Amino acid sequence: MANALVNVQIIPKTSNGEDTIPLVDAAIAVIEASGVKYQVNPLETTMEGDLDTLFFVIEKMNQRMVELGSISVISQVKVYYKPDGASMDVLTEKYR
């Protein structure tokens, strides 16, 4: 059972001001490849899983940005941790 929700907004910086949307798409591909449950939102992506796994995914996202030529990366992260279980669906069910 997942014990955390993590929102991440990744902001890669390019050396010549290139469009960063392809880099953000690559970061989302890292999340998808990880197998964790996630939801893309307009300004950030929410992941659901074990906290250590989610932080590992964020590390891989940052590494991927550098591999693709980013000279620096800002990752804004929000964490909801609940040891007995955290769920995107449960937290938002009353709004659906």
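About the criteria used
- Residues numbered from 1 in each chain as written.
- Predicted model: local features only at pLDDT ≥ 70, side-chain atom pairs only at ≥ 80, totals over all residues.
- Heavy atoms only, no water.
- Helix = DSSP H or I, 4+ residues; strand = E, 2+ residues; numbered from the N terminus.
- Rg over C-alpha atoms; globule rule 2.2 N^0.38 Å.
- Buried < 20%, exposed > 50% of the residue type's maximum accessible area, 1.4 Å probe, protein only.
- Contact = heavy atoms within 4.5 Å.
- Lys, Arg positive; Asp, Glu negative; His and termini not counted.
- Charge placed at Lys NZ, Arg CZ, Asp CG, Glu CD.
- Expected span 1.5 Å × (residues − 1).
- Pairing = 2+ DSSP bridges.
- Axes fitted to C-alpha atoms, helices over the stretch in contact; angles between N-to-C directions.
- pLDDT = per-residue confidence, 0-100.

### Some remarks on the overall build of the protein
Next up, step 1: Along its length, the protein carries 3 helices and 4 strands.
Next up, step 2: Reading the protein from its N terminus to its C terminus gives the helix and strand order β-α-β-β-α-β-α.
Next up, step 3: Over its C-alpha trace the protein gives a radius of gyration of 14 Å, about what one expects of a compact globule, namely 12 Å for 96 residues.
Next up, step 4: Its C-alpha atoms put the protein at 45 × 25 × 20 Å along the principal axes.
Next up, step 5: Burial statistics for the protein: of 96 residues in total, 33% are counted as buried.
Next up, step 6: Considering only contacts within the protein whose residues lie at least 6 apart along the sequence, 73% involve residues at least 24 apart.
Next up, step 7: Treating the 8 positive side-chain charges of the protein as one cloud and the 13 negative ones as another, the clouds have centres 5 Å apart.

### Some details on helix H1 (residues 21-34)
Next up, step 1: When the terminal C-alpha atoms of H1 are compared, their 20 Å separation across 14 residues agrees well with the 20 Å that a helix rising 1.5 Å per residue should span.
Next up, step 2: The complete set of buried residues in H1 reads Leu-23, Ala-26, Ala-27, Ile-28, Val-30 and Ile-31.
Next up, step 3: Just downstream of H1 lies Gly-35, where phi reads positive at about 85 degrees.

### Looking at the pairing of strand S1 (residues 4-13)
Next up, step 1: A large share of S1 lies buried, amounting to 7 of its 10 residues.
Next up, step 2: For S1 and strand S3 (residues 45-49), the ladder comprises 5 bridges, and the chain directions are antiparallel. The residue bridging Asn-7 from the neighbouring strand is Thr-46, located in S3.
Next up, step 3: With 10 bridges connecting them, S1 and strand S4 (residues 72-81) associate as antiparallel partners. Directly across from Pro-12, in S4, lies its bridge partner Val-73.

### Here's the deal with the sheet that holds S4
Next up, step 1: Judged by pairing direction, the sheet is antiparallel, and its 4 strands sit side by side in the order S2-S3-S1-S4 without closing on themselves. The sheet is open, and its two edges are formed by strand S2 (37-40) and S4, each paired on a single side. Ignoring which end each strand starts from, the neighbouring axes of this sheet average 20 degrees apart.
Next up, step 2: Seen against the sheet, helix H2 (residues 51-67) touches S1, S3 and S4 and runs at an angle of roughly 10 degrees to S1.

### Observations concerning the confidence of the model for the protein
Next up, step 1: When pLDDT is averaged along the protein, the result is 95, and 100% of the positions lie at 70 or above.
Next up, step 2: S3 holds the highest mean pLDDT among the elements of the protein, 98, whereas helix H3 (residues 88-92) holds the lowest, 90.

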